[in-house]
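Chain by chain, the residues run as shown.
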Amino acid sequence: MNPTNLTPKERTAIPRVEMPELDAEFRVSSLTLEVNQGLSREQAVMEASRCLNCPNPQCVTGCPVSINIPGFIKQIEQQNFNEALSVLRRTSALPAVCGRVCPQEKQCESKCIYNRMSKQPVAIGYLERFAADNGSLPQTERPQSNGVKIAVAGSGPAGLSFAGAMAALGYEVTVFEALHAVGGVLIYGIPEFRLPNSVVEKEIVALKAMGVVFETDTIVGKTLSYDQLLEMGFRGIFVASGAGLPRFMNIPGENLVNIMSSNEYLTRINLMHAGTPGYATPVPQPETVAVIGGGNTAMDSCRTARRMGAKRVMVIYRRSEAEMPARVEEVKHARQEGVEFLTLHNPVEYLADERGRVRAMRLQRMELGEPDADGRRSPRPVQGDIVEIPVDLVIVSVGVSPNPIIPAAISGLEVTSRGTIATDSETLQSSIPMLYAGGDIVRGGATVILAMGDGRRAAAAMHNNLQSNLK
Amino acid sequence: MYQIVDKQQFSANVVKFEVIAPRIAASRRAGHFVIVIDNEKGERIPLTIADANPERGTITLVVQAIGYSTRAICAMEPGQSFADVVGPLGRATQIRNGGTVVCCGGGVGVAPLLPIIRAMKQAGCRVISILAARTRELIILEEQVRKSSDEVIIMTDDGSYGTKGLVTNGLEAVLQREHVDEVVTIGPAVMMKFVSLLTKKYDVPTVASLNTIMVDGTGMCGACRVSVDGRNRFVCIDGPEFDAHKVDFDEMINRLRQ
């Protein structure tokens, strides 16, 4: 069958592809094996042939960076995988990452025409990942340097995409990273079984080949001040320091031993390799673990806990599953891996054993009330309905706040009441003309694709600005 | 990078290192700390900066071998390098201009106290330093402390040096004797707790520099959180120094046991 000759009717008759994935019982024995195995060529071409190449493609409007989705999908259908990647690369710096971690069901795939036919949307995310993993582009020529030095604070998705865009324009880019490893949340946060480090490493190698310099162990605002960066000759600074600060619920007992943020838990395991023989960083590995929260970080935490050997892992979420912010696929995978979901439960207190470690949590049963400002039905307690459940480790995953180090260190930098850096919504320029900012330090906790889009947008705006200044 | 250029054994378990870290040496101030990773499989360990030499591009760290990683660090020799040193972290000490300050250091806590003693002295304070330890050989940096102090009181648990007794005995004698504007304390959590209880009784403002468990040291993990005045604060970015009278030391001591 040559898919390119299919009629629309034949196309819509093809069922949506299923992502090949490792068996749940097997995969929970490994921290590093990627769960989703990726589509085969045949699967990808077949899935691509489902796309109707709509004249007015709504999927593109669902993409925060307006990727030409039918464009890359039709290249896959024609088996031009390199060209498919090339289309993606025009708007996305990190397609291999976004194909894996974007909430497609809330973005591009939610707008797919198939939804209106009561059919499952084209698997745009799977196809994006396929193109990124299977396409290859000619090594980009290292551009002629224009001699203008640019500094980036933070090597997460926003910083990496900004660095790539500026390096391509000939700027001499140095990325300063506070941790000892490059990649930000892609490395310390998102686990290997969902996003292999090799995918991130490939991007970093490519940036280095374009002349981007990475300096680890360097905190802008601490190791190097803003004034020092100016003295060093940097003509533009992009701040992409992320939303590092974990929130807690401030309930009794929350500071007992063995209660930690998901950031701490995931950093210990992903960045520091706690639990892997030979590595010095410790992490508790008990039988019963509770994860508080319903976002992607909560899913990463509960699934990591299963892989660290916990027998009983519970997700505690105060609303119902319909309101859960996590990607649908992560919830599905967590369930397959034996994670229990206690929705409509909210912790109100933790109880200690005789040595000051958490031994139990008291959970308030909740019910859904009226929709709140976000349109999500807000939970309210069912009076007097409290359950007590034994637990050895609690991982609090109820959100993050912007990292305050840079906002506090640079005088004259305008900051919002939420602690994010105030920027022009179009150009991402801050109150200091040479300083731009993007990603979670501006958005306060968003997605990889938005951060990446910010990096690109800020690069274009800074380039414009520098060009007009240089003339 | 981060090569050890000098090592001095203060006592069986306490080692002083001079380490190449030019950017940190140039930007650090009293009260700042660094995170050190000994090798690529190592742990991130917070260590307070005891001194720095911006000309040589070095910082001084005093390390007590108490756990797996600190023992490994203390076994390192000049010529070897740490995998990573990042900083300076935390907020710098608020230095008083004038008045009488009592600086209480317990054990290895004297190392991070030294730059504060110096800065207070330089700013014109009358500085009384109290150095306390279990026994004589654990009293460190006495000579350097003397150079920047108007008075030095040595306390040992076993009476092998100075006066026999705890840091609080020495401190109470001073508080009874004269007006003190501020007390700064760095040492084991239990010691700081009792210093704080004592100075509360005498109504003397007191700053404690906390040494909690940390992973990243930049606000990301929250492992270092402590209750200060009933609010969660992060030692790495809000501290390490806090109003001792508002710190929940019992909670902190419990968290240090993990």
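Each chain carries its own residue numbering, running from 1 in the direction its sequence is written. Following the order in which they are written, the chains are lettered starting with A and the ligands numbered starting with 1. The model is predicted, so local features are restricted to residues of pLDDT at least 70 and side-chain atom pairs to those at 80 or more, both for listing and for counting; the totals for chains, interfaces and linings are taken over all residues. Neither water nor hydrogens contribute to the side-chain values; these are computed over all heavy atoms in the structure.

Draft legend 1. Looking closely at the overall build of chain B. Secondary structure follows DSSP: runs of H or I at least 4 residues long count as helices, runs of E at least 2 residues long count as strands, and numbering of each begins at the N terminus. Within chain B one finds eight helices and 15 strands. Each principal axis of the C-alpha distribution contributes one length, and for chain B these read about 50 × 40 × 35 Å. Relative to its full complement of 258 residues, chain B shows a buried share of 60%. In what follows, a contact means two residues having at least one pair of non-hydrogen atoms within 4.5 Å. In chain B, the share of contacts with a sequence separation of at least 24, taken over all contacts with a separation of at least 6, comes to 64%. Any residue under 20% of the maximum accessible area for its type is buried, any over 50% is exposed, and the rest in between are partly exposed; the area is computed with a 1.4 Å probe on protein chains only.

Draft legend 2. Quick look at the pairing of strand β7 (residues 100-106) of chain B. Residues and elements named next belong to chain B. Counting buried positions over the seven residues of β7 gives seven, a clear majority of the element. When DSSP finds two or more bridges between a pair of strands, those strands are recorded as paired. Relative to strand β8 (residues 126-133), β7 is paired through seven bridges, and the arrangement is parallel. By the bridge assignment, V101 is partnered in β8 with V127. When the strands point away from the viewer, a crossover counts as right-handed if the route from the first strand across the helix to the second turns clockwise. You can see the chain leave β7, run along helix α3 (residues 110-122) and come back into β8, and the turn it takes is right-handed. Here five bridges tie β7 to strand β11 (residues 182-186), and the two strands are oriented parallel to one another. Following the sheet pairing, V101 is matched in β11 by E182.

Draft legend 3. Fine view of a nonpolar patch on the surface. On the surface, a nonpolar cluster with roughly 270 Å² of combined accessible area is contributed by V190, F194 and L197 of chain B. With respect to the helices and strands, the residue F194 of chain B is situated in helix α6 (residues 189-201). For patch detection, residues must exceed 30% relative accessible area and be free of salt bridges, and they are connected within 9 Å for like charges or within 5 Å for nonpolar side chains (Val, Leu, Ile, Met, Phe, Trp, Tyr). Only the protein chains shown count as covering a residue, and every accessible area follows the Shrake-Rupley method with a 1.4 Å probe. Put simply, a salt bridge is a Lys or Arg side-chain nitrogen that is within 4 Å of an Asp or Glu carboxyl oxygen.

Draft legend 4. Inspection of the domain arrangement of chain B at higher detail. All names here are of chain B. Entries for chain B in the domain assignment read domain 1 (2-89) and domain 2 (100-257). The split into domains, and so the bounds of each, comes from an automatic or database assignment of domains. Here the C-alpha centre of domain 2 lies 21 Å away from the C-alpha centre of domain 1. Taken together, the contact between domain 1 and domain 2 spans 18 residues of the former and 20 residues of the latter. Take the accessible area each of two parts loses on contact, using a 1.4 Å probe, and add the two losses: that sum is the buried area. Where domain 1 abuts domain 2, roughly 1,500 Å² becomes buried across the two surfaces, and 66% of that area is made up of carbon and sulfur atoms. Interface area lost by domain 1 to domain 2 is led by F10, F33 and R44, which between them contribute 26%.

Draft legend 5. Here's a closer look at the pairing of strand β10 (residues 345-352) of chain A. Residues and elements named next belong to chain A. As paired strands, β10 and strand β11 (residues 358-371) are joined by seven bridges and run antiparallel to one another. Its bridge partner lying in β11, N346 is registered against Q364. Counted between consecutive antiparallel strands, the loop separating β10 from β11 contains five residues, among which G356 sits at a positive phi close to 80 degrees.

Draft legend 6. Examining unusual backbone geometry more closely. Here the residue pair G87 of chain B and P88 of chain B is connected by a cis peptide bond, since its omega of -5 degrees sits within 30 degrees of zero. Relative to the helices and strands, P88 of chain B is located in strand β6 (residues 84-89). Put simply, G239 of chain B and P240 of chain B share a cis peptide bond, and its omega is 10 degrees. Relative to the elements of secondary structure, P240 of chain B occurs in the loop between α7 (235-238) and β15 (241-243). The residue N53 of chain A is not glycine, and still its phi comes out positive at about 50 degrees.

Draft legend 7. The interface of chain B and chain A, seen in detail. Between chain B and chain A, the contact holds 39 residues from the first and 40 residues from the second. Summed over both sides, the interface between chain B and chain A buries roughly 3,200 Å², with carbon and sulfur atoms accounting for 54% of that surface. Broken down residue by residue, the surface that chain B buries against chain A is led by R23, K41 and M220 of chain B, which jointly contribute 23%. Run the count over chain B and chain A and you get one salt bridge. Notably, a salt bridge pairs E215 of chain A with R23 of chain B, separated by 2.6 Å at the nearest N-O pair. Whenever two N or O atoms come within 3.5 Å, that pair is a polar contact, provided that in protein one can donate a hydrogen and the other can accept it, and provided that, for residues adjacent in sequence, both atoms are side-chain atoms. Linking chain B to chain A there are 17 residue pairs in polar contact (both at pLDDT 80 or more). If you list the elements that add at least two residues to the side of chain B that touches chain A, you get α1 (22-27), α2 (68-74), β6, β13 (225-228), β14 (231-234) and α8 (249-256) of chain B. Top element by residues in the side of chain B that touches chain A is β6 of chain B. It accounts for six residues. Any residue outside Ala, Val, Leu, Ile, Met, Phe, Trp, Tyr, Cys, Pro, Asp, Glu, Lys and Arg is labelled polar, Gly included; the first ten of those are nonpolar and the last four are charged. Here the residues of the side of chain B that touches chain A sort into 16 nonpolar, twelve polar and eleven charged.

Draft legend 8. Representation of the packing of aromatic side chains in the model. All names here are of chain A. In this analysis, rings of Phe, Tyr and Trp, with Trp reduced to its six-membered ring, are considered paired at centre separations within 6.5 Å, and the interplanar angle assigns stacked below 30 degrees, edge-to-face beyond 60, and tilted for intermediate values. All told, the structure shown has five aromatic pairs over all chains when counted by the stated rule. Judged by centre distance (5.9 Å) and plane angle (80 degrees), the ring pair of F176 and F234 falls under edge-to-face. One end of the pair, F176, is in strand β2 (residues 172-176); the other, F234, is in strand β4 (residues 234-239), and 58 residues separate them in sequence. As far as the burial class goes, F176 and F234 line up, both buried. A positively charged side chain is recorded as over a ring if its NZ (Lys) or CZ (Arg) lies within 6 Å of the ring centre. The angle to the ring normal must also be within 35 degrees. Over the face of the ring belonging to Y126 we find R16, whose NZ or CZ atom lies 5.4 Å from the ring centre. Positioned above the aromatic ring of F193, the side-chain terminus of R307 is 3.8 Å from the ring centre.

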